[in-house]
Amino acid sequence: MQQRIAHIALVVKDYDEAIHFYTQKLGFLLLEDTTLSPDKRWVLVTPPGATECSLLLAKADNEQQAASIGNQTGGRVFLFLFTDDCWRDYNKMLANGIHFVRPPKEEPYGIVAVFEDLYGNLWDLLQPNEHNKGLK
């Protein structure tokens, strides 16, 4: 049996502002933007080079969903963006106005920095080291 996670839903306030953030600020690719109804779209974005999993930008359509925007994991790091060069991406993201809550730091598993997306969800920007091939 072979399985994989294809998409992770990220609740957003607005499709277009989320698309702009992920494509223009983080450099993600817009894979799909299909209108499903007047209020609902199927929007997929992914980091360049990703082949397995993408983000489904899902606009909140009720108060309960809207309450989770920016806090989908109760304040913990939500998503992990792996990179082959943490310092390169950190500097590029800083230049694009990304807010980092922790600059890059060497850890036993690699170099990691923590940043916020446009709604405040926390992300790890992580460059795994050679001792953690299972993380790559």
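Everything discussed here concerns the structure shown above.
Residues numbered from 1 in each chain as written. Predicted model: local features only at pLDDT ≥ 70, side-chain atom pairs only at ≥ 80, totals over all residues. Heavy atoms only, no water.

**Concerning the overall build of the protein**
And then number 1: Along the protein, the regular secondary structure elements total three helices and eight strands.
And then number 2: Counting helices and strands in the order they occur from the N terminus, the protein gives β-α-β-β-β-α-β-α-β-β-β.
And then number 3: Radius of gyration (C-alpha) of the protein: 15 Å, near the 14 Å computed for a compact globule of 136 residues.
And then number 4: Along the first, second and third principal axes, the C-alpha set of the protein runs to 50 × 40 × 25 Å.
And then number 5: When burial is assessed residue by residue, the protein has 38% of its 136 residues classed as buried.
And then number 6: In the protein, the share of contacts with a sequence separation of at least 24, taken over all contacts with a separation of at least 6, comes to 52%.
And then number 7: When the accessible surface of the protein is totalled, it reaches about 8,300 Å², and 51% of it is carbon and sulfur.
And then number 8: Charged side chains of the protein number 13 positive and 18 negative; the gap between the two group centres comes to 3 Å. (Helix = DSSP H or I, 4+ residues; strand = E, 2+ residues; numbered from the N terminus. Rg over C-alpha atoms; globule rule 2.2 N^0.38 Å. Buried < 20%, exposed > 50% of the residue type's maximum accessible area, 1.4 Å probe, protein only. Contact = heavy atoms within 4.5 Å. Areas by Shrake-Rupley, 256 points an atom, 1.4 Å probe, with all protein chains shown as cover. Lys, Arg positive; Asp, Glu negative; His and termini not counted. Charge placed at Lys NZ, Arg CZ, Asp CG, Glu CD.)

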